[in-house]
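# Report on the structure
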Number of protein chains: 2
Amino acid sequence: MDMSQQQTRSVSLPRSLRKRKKGSDMTNMFQRTCRLEINVPTQIVHVVGTELKVIVDRCAPPQSKSFSIKCGPNVHYKVTPPAGDRNAAPYPLTPNSVLIVTMDAVSETANDSKLSVRYYGEKTESLGDAVLHLTAVEISLDVDADRDGIVEKNNPNKGSWKWGPNGHGAVLLVNCDSETTYKKTLDSEVDEINKVSDLQDMSKMILRTNGPAELPEGYKLTMHISQTTSENVRVFRPRTNAKKDDVWKHKLLKLFLKDYIMVVGTDTLTQEVPYLGGKTELAFFVEGLRFPDKDFDGLVTINLSLLEPCGKGFPETPIFTDTVVFHVSPWIMTPNTLKPVEVYVCSTNDNYTFLKSIKNLVDKCGYKLKICHEYMNRGDRWIQDELEFGYIDSPHHQFPVVLDSPRDGDLQDFPYESILGPDFGYVTRHALNEEVSSLDSFGNLEVSPPVTVNGKSYPLGRIIIGVAFPTATRGRNMTQVVQDFLWAQKVQEPIALYSDWLVVGHVDEFMTFVPAPDRKKFRLLLASPDAGYKVFKSLQNNGHGKAEMFPGLPEAISVNEILSDKKLQAENRYVQNCIDWNRDMLKKELGLDDEDIIDLPILFKVLEEKTGPRAVAYYPDMVNMIVLGDKLGVPKPFGPKVNGRCALETEVCSLLEPLGLKCTFIDDFAPYHKLLGEVHCGSNVLREPSPFKWWNLELRERD
Amino acid sequence: MDMSQQQTRSVSLPRSLRKRKKGSDMTNMFQRTCRLEINVPTQIVHVVGTELKVIVDRCAPPQSKSFSIKCGPNVHYKVTPPAGDRNAAPYPLTPNSVLIVTMDAVSETANDSKLSVRYYGEKTESLGDAVLHLTAVEISLDVDADRDGIVEKNNPNKGSWKWGPNGHGAVLLVNCDSETTYKKTLDSEVDEINKVSDLQDMSKMILRTNGPAELPEGYKLTMHISQTTSENVRVFRPRTNAKKDDVWKHKLLKLFLKDYIMVVGTDTLTQEVPYLGGKTELAFFVEGLRFPDKDFDGLVTINLSLLEPCGKGFPETPIFTDTVVFHVSPWIMTPNTLKPVEVYVCSTNDNYTFLKSIKNLVDKCGYKLKICHEYMNRGDRWIQDELEFGYIDSPHHQFPVVLDSPRDGDLQDFPYESILGPDFGYVTRHALNEEVSSLDSFGNLEVSPPVTVNGKSYPLGRIIIGVAFPTATRGRNMTQVVQDFLWAQKVQEPIALYSDWLVVGHVDEFMTFVPAPDRKKFRLLLASPDAGYKVFKSLQNNGHGKAEMFPGLPEAISVNEILSDKKLQAENRYVQNCIDWNRDMLKKELGLDDEDIIDLPILFKVLEEKTGPRAVAYYPDMVNMIVLGDKLGVPKPFGPKVNGRCALETEVCSLLEPLGLKCTFIDDFAPYHKLLGEVHCGSNVLREPSPFKWWNLELRERD
């Protein structure tokens, strides 16, 4: 652990380092104390934009009473306290006499500037001279702190990170894709660069220097990071750099050697970097290794220091440090309101008709369909549950990233084996000493469209997960590691709903979002037993009491029978209570009005499980739909028919069509509904990233 | 992991819960959706200050066209959308019709209020009635959110925590003292209360309820915390509570049973608490278990929910949750400018004279002296290094807390065995897979007086530690766990200096703070070889070149000899560079001017160690002093004598006496200096807490 490590904990810590920047305000400029010595010339490298401070009295010969200063044209100085009229010199020597030296142009050769101080005694006799030999250089470690995709020169804010459109600070991607498609490894797990295309996934950083061809002897540049930071980042640079006379050698070497070397990263906290001389730029490539998490706020600090030799046998002293800060892109989920790119679905030995319906729908929408075949899914059809699509984003590059669930059903190899690839990233979290439950499936992980809640805006929406009631003495929850990961992303502040009342326990069993042309540009759809009973009562009231639910199926049952089932009523009263609890929570946390919510007529039944009563959908759970733009693939409910048309479908269409939505009812009864899932559980959609840039969120960092 | 656990991560998260408070703004009040049922009366408990929301159409009999409402005098309602002139009723029934119900007085008996909705068909014939039986109660979990030492009623801000004099939020102490002095354990390690005095160390929390003697059947109150919170807090309550008829039984039971039981805490995340009926207060005592650390931001959330029965066999639903947030007091260090209480020093078989000098000084100052005897210190005299005194503070209570260093020399048992006791707390951190180095001794842990830096104020000062240069490829550092602990306290944001250039490697070898009447009310004293050479040169110049350093000691050496030692000069040039680096850092990080710094004349010598050259003081290191108000106990430097007086003492007195400081030079040569330590290393001072309250700091919590 070292100093700069602490400074990564907080954006506000490296204040001292930030002050070492060029600035017009002389008083706020970094001042370096340096020593004079009588009759021993002192060699000093001065970084343009800082100040040298000399306490004049320190080395004064005994009985000195005044001093005068002589210097070359490139050297400027100021004496404090100012000496009134006598500013011309000699200056009276006081214990507080301070000489501030600056230079405003870089040196052509080492030690080409000079400043000397002469001390005088009582009778203005000279008591001795102290001489500084000065070399001025410009040094700037640069990043894209203004987030326009270009590495600008010496941004005054590069050493800190601030959220928002008026914020600043560079952005880093976790290099979590794989440049190769066979013998895959995450690029972030390899500490070298094997393909030039991999550089696209990294953030460029430039060391700009200007000065003489060589630094005075013993001075050197070093890049350094803290122990903690070394777990989160690697920095590479081209092995042989653009020193003009090296071009030929460079081309030759290229044939035999790897082109890029790691400068700092795992196990290498500090390493010298070449000073190239003249006005030059040295390019670095910065690779993120870890997503923000409970123990990592996403901020990464990289330092470059100029080291001064302290004489033979003594360690060097860093006399100037330039610091840049990156924020690793969070993993961002895509709500139903974003445009689909590809639809994923599993092929099994019993879902041919379903697959065909999905294919028809996807074709009609004009999106791509990716089928996960049986050799890969081994019969596990719940592709919604095994993975969640998201993306990472930076001003220079973005790509989708799949979050692999710790569920690890038979589909467990699919995300890594079939999805990970060039510009398609992968991230996962493994449960630690925790039992993975059904609530860890990603049917239990959704995201809302953009919302504004009591004036606070969530332009990327809010993540929604389902857990047990906080008041429950026992209950299933989503594993801590996944929850920690989701909360740590920060840009889609999660909401924890109550889903443990369901056998399967996923939020997608009672809610979804669909696009809408008006209001908040979406509606929240909720399963509603009350709305279900309303449909059935209305049917009975209109003389359709004998019409059958599940017509033609062995489960067929009349409207009258359903309405007379007191147990089913009690169960649905309970279910409505559970959903209403979530309704109240969602209204508060998403800032919704009742007009933003549509109740879909869905009944549930309650099974007595070992750990208590839990609910499943009584007929195909229409809210568990796939949303593809304005086209919805809705589980076919098999409701009672009125004039040849399913009354439940009629009701749902009448609720959704006014919003410009088109419902396609898909038969998932045998291969999904009977296995306690529906269309949504059995599909997944890769969507386009949001046009909103996450760094423009107005969040705060802690002091 | 449950919902409320997530909410402890951030003060801003429990927004939904906070909205469930009483408030005059109806539109922002928590609304609970509740259901009506035709011809089945529904029993509802209503918490005064919230709203019940009924979607009127949900349970309407088929063909209902309008509805009317009747209710008792205590019940108020509002229908939306408002029906124009026809507000009198019946209201037209639309899918959006919403009924909002409130009650403003508590019920005398369960179900003593009523509201009924009658539905009408086309021709205003009645189609059915839905009746709500209402019980109104007041429930409020209360804490001292305004930080005045009194638990006020239902503070609207009790559910969040905000720093600053205009902030809010209750304060918790880590119960890290020990009520017993023999067979000690930290009180926080015992999950019961054995002494009533222990309650003083806890924060009071009151459950105020008002309502009928009993809640309707099946309703109950439960207190609940998250899994994470349960590692940080315990809540106790008196076992038998002040139900009037229980007083006699209570007195009897008191003889046989423990008086306080744990409600929530380790392994108990949720537990029912009694509803006492009428207007009553139930007291709870909240005990902090852990200091803020890398993985704990210090915030603790405690919830109280009202549970509603959902019918036989179904789990209860929380229908109202009140939430309070505490911040655990950080551990706070005390700078030299605070008033001493007790001075600690070790007695060894070779330090009798030193001990006597210290005793004289402490007696003269009027403070207490505590001597750690040899049976305890086993010859380890470095009492500065084994422990650091600090304190914890809350509006209701404060006490000192000793931080035990992982150094663990022969003094290692002293902090726990001799200091821990009633109202004297103890905390330590053990190094994990890390080698403990000399930099882990607390001579390397200091704190500045209050400072303001670029407009940011640090009224409790800033912690100062010493580490290796961030650019060093190898070097000693303070262990990660201790650094993590120090940074996590937040209220004295640490500064990492460079101390690895010293053999011992402690910041107290080159710096200290003394009180001053002017400027920032203190001066930073720095060891300065340049200032040292200035004294020696001046002596030589004034004809005292033959005067001897270490007069009368075997080490005696003349001023001329010292000045002619080129190696010593080079070494001190290096040391001055190292100290100047720290000087520049301290100026920046503490906002100091050169006028706030006094250079003390101290020379160093450099030893060639295995890992490189490192420095030790050449003669007793005067900056390593004990500061007791305006009296300083300074290591006697044994400098060359001029007119019978030590020239170094003269110089130091001339620098410090103008500030009203009195220097007592203490001979620590044999028992301390020769073992590479001085007066400060061999002593420790317990000081009064700062009058500034840490919660009044203007810090920010992260979004």
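Residues numbered from 1 in each chain as written. Chains lettered and ligands numbered in written order. Predicted model: local features only at pLDDT ≥ 70, side-chain atom pairs only at ≥ 80, totals over all residues. Heavy atoms only, no water.

Moving on, we get to the domain arrangement of chain A. All names here are of chain A. Partitioning chain A into structural domains gives domain 1 (31-137), domain 2 (144-243 + 255-328) and domain 3 (332-696). Contact residues are listed per partner, giving 15 residues for domain 1 and 14 residues for domain 2. The junction of domain 1 with domain 2 conceals about 1,000 Å² of combined surface from both sides, 69% of it contributed by carbon and sulfur atoms. One can count one salt bridge joining domain 1 with domain 2. (Domains from an automatic or database assignment. Contact = heavy atoms within 4.5 Å. Buried area = accessible area lost by both parts, 1.4 Å probe. Salt bridge = Lys/Arg side-chain N within 4 Å of Asp/Glu carboxyl O.)

Once chain B has been moved 0.0 Å along the axis and rotated by 180 degrees, it coincides with chain A to within an RMSD of 0.1 Å. As the rotation angle and translation indicate, the two copies are arranged about a two-fold axis. Take the interface residues of chain B: 100% of them recur as interface residues in chain A, which is what a same-surface contact looks like. (Least-squares fit on C-alpha atoms with pLDDT ≥ 70 in both.)

Looking now at the packing of helix α9 (residues 529-541) of chain A against helix α11 (residues 566-590) of chain A. Helix-helix packing: each pair is described by the crossing angle between the helix axes and the interaxial distance. All names here are of chain A. α11 packs onto α9 with a crossing angle of 140 degrees between their chain directions and a minimal axis gap of 8 Å. Judged on the interaxial angle alone, α11 and α9 are oblique. Contacts from Pro529, Asp530 and Tyr533 in α9 reach Leu568, Gln569, Asn572, Val575, Gln576 and Ile579 in α11. Looking at the contact of α9 with α11 residue by residue, the class counts come to five nonpolar, three polar and one charged. (Axes fitted to C-alpha atoms, helices over the stretch in contact; angles between N-to-C directions. Helix = DSSP H or I, 4+ residues; strand = E, 2+ residues; numbered from the N terminus. Parallel < 35°, antiparallel > 145°, perpendicular 65-115°, else oblique. Nonpolar A, V, L, I, M, F, W, Y, C, P; charged D, E, K, R; others polar.)

This part covers the interface of chain B and chain A. Each partner contributes residues to the interface: chain B has 96 residues there, and chain A has 97 residues. Approximately 8,900 Å² of surface area, both sides summed, lies buried where chain B meets chain A, with 50% of it carried by carbon and sulfur atoms. Where chain B packs against chain A, one counts twelve salt bridges. Between A:Lys534 and B:Asp57 there is a salt bridge, with its nearest N and O atoms 3.4 Å apart. With 14 residues, the top contributor of residues to the side of chain B that touches chain A is helix α11 (residues 566-590) of chain B. Residue composition of the side of chain B that touches chain A, by class: 33 nonpolar, 27 polar and 36 charged.

Residues and elements named next belong to chain A. Within the structure shown, the criterion is met by 54 aromatic pairs over all chains. Aromatic ring contacts, followed pair by pair, group Phe536, Phe550, Tyr618, Tyr619, Phe638 and Phe669 into a single cluster. Positioned above the aromatic ring of phenylalanine 638, the side-chain terminus of lysine 636 is 5.8 Å from the ring centre. (Phe/Tyr/Trp six-rings, centres within 6.5 Å; stacked < 30°, edge-to-face > 60°. Lys NZ or Arg CZ within 6 Å of the ring centre and 35° of its normal.)

Our next topic: the pattern of salt bridges. In the structure shown here, the tally under the stated rule is 90 salt bridges over all chains. Salt-bridge contacts for B:Asp596 lead to B:Lys520; the nearest nitrogen and oxygen are separated by 2.5 Å. Of the two residues, B:Asp596 is situated in the loop between α11 and β34 (597-601) and B:Lys520 in the loop between β30 (511-515) and β31 (522-528); the sequence distance between them amounts to 76 residues. The buried category is assigned to B:Asp596, whose relative accessible area is 0%. Through salt bridges with shared partners, a single ionic network connects A:Arg35, A:Glu37, A:Arg58, B:Asp530, B:Arg573 and B:Asp580. (Buried < 20%, exposed > 50% of the residue type's maximum accessible area, 1.4 Å probe, protein only.)

A few words now on the sheet that holds strand β7 (residues 98-103) of chain B. Read from one edge of the open sheet, four strands run β1-β3-β7-β5 (chain B), paired in mixed fashion. Strands with a single pairing partner mark the edges of an open sheet, and in this sheet they are β1 (31-33) and β5 (75-80) of chain B. Within the sheet, the average angular offset between the axes of one strand and its neighbour, ignoring direction, is 25 degrees. Judged from the three bridges that link them, β1(B) and strand β3 (residues 51-55) of chain B form a sheet pairing that is parallel. Residue pairing across strands places B:Gln31 opposite B:Glu51, the latter belonging to β3(B). Here α11(A) sits on the sheet and contacts β1 and β3 of chain B; the angle it forms with β1(B), its principal contact strand, is near 150 degrees. (Pairing = 2+ DSSP bridges.)

On to the UniProt feature "active site" (unreviewed entry) in chain A. All names here are of chain A. Residues annotated in UniProt with the feature "active site" (unreviewed entry) correspond here to Asp385, His506, Asp508 and Cys681. A maximum C-alpha distance of 10.4 Å among these annotated residues, which run over 297 residues, shows that they cluster at one spot. Among the structural elements, aspartate 508 can be located in the loop between β29 (495-498) and β30 (511-515). Apart from residues lying up to four places away in sequence, aspartate 508 is in contact with Gln384, Gly443, Glu446, Val623, Asn624, His680 and Cys681. Structurally, the position occupied by cysteine 681 is in the loop between β41 (662-666) and β42 (683-687). Other than its neighbours up to four places away in sequence, cysteine 681 contacts Arg381, Trp382, Ile383, Gln384, Asp385, Asp508 and Asn624. (UniProt positions renumbered as here; feature names shortened; annotations may be inferred.)

Residues and elements named next belong to chain B. Compared with an ideal rise of 1.5 Å per residue, which puts 14 residues at 20 Å, helix α4 (residues 352-365) spans 20 Å between its outermost C-alpha atoms and is within 8% of the ideal. Listed as buried for α4 are Phe354, Leu355, Ile358, Leu361, Val362 and Cys365. Taken down its axis, α4 places every buried residue within 130 degrees of arc, on the same side. Of the residues in α4, the exposed ones pointing more than 90 degrees away from the buried face are Tyr352, Thr353 and Lys364. The first or second residue beyond α4 is glycine 366, which carries a positive phi of 85 degrees. (Expected span 1.5 Å × (residues − 1). Arc of directions from axis to C-beta.)

All names here are of chain A. Along its 25 residues, α11 runs 35 Å from first to last C-alpha, staying within 8% of the 36 Å computed at 1.5 Å per residue. Along α11, 20 of the 25 residues are buried, which leaves the element largely enclosed by surrounding structure. Its side-chain oxygen 3.1 Å from the backbone nitrogen of lysine 567, aspartate 565 forms the N-cap of α11. Glycine 591 occupies a position one or two residues after α11 and carries a positive phi of about 65 degrees. (Polar contact = N/O pair within 3.5 Å; in protein donor to acceptor, adjacent residues only side chain to side chain.)

What is meant by a disulfide is a covalent connection between two cysteines, made through their sulfur atoms. All names here are of chain A. In total, this model carries zero disulfides over all chains according to the counting rule given. A disulfide-free cysteine, cysteine 34 has its sulfur positioned 10 Å from the sulfur of cysteine 59, the nearest such atom. When its relative accessible area of 5% is taken as the criterion, cysteine 34 is described as buried. Not part of a disulfide, cysteine 71 finds its nearest cysteine sulfur in cysteine 34, a span of 14 Å. Owing to a relative accessible area of 30%, cysteine 71 belongs among the partly exposed residues under this scheme. (Disulfide = S-S within 2.5 Å.)

We now examine the pairing of strand β8 (residues 113-120) of chain B. Residue and element names in this part refer to chain B. β8 sits mainly inside the fold: six of its eight residues count as buried. Two elements, strand β4 (residues 66-71) and β8, share six bridges in a ladder whose sense is antiparallel. When the bridges of β8 are listed, cysteine 71 appears paired with leucine 115. As judged from the eight bridges shared by β8 and strand β9 (residues 126-142), these two strands associate in the antiparallel manner. The residue of β9 that forms the bridge with tyrosine 119 is glycine 128. Between β8 and β9, which pair antiparallel one after the other, the connecting turn spans five residues, and threonine 124 there sits at a positive phi close to 55 degrees.

A separate point is the pairing of strand β42 (residues 683-687) of chain B. Residue and element names in this part refer to chain B. The element β42 is largely enclosed, with a buried count of five among its five residues. Judged by which residues are buried, β42 turns out to be covered on both faces: Ser683, Val685 and Arg687 on one side and Asn684 and Leu686 on the other are all buried. In the sheet, strand β20 (residues 340-346) pairs with β42 via five bridges, with the strands oriented antiparallel. Residue pairing in the sheet places tyrosine 344 in a bridge with asparagine 684 of β42.

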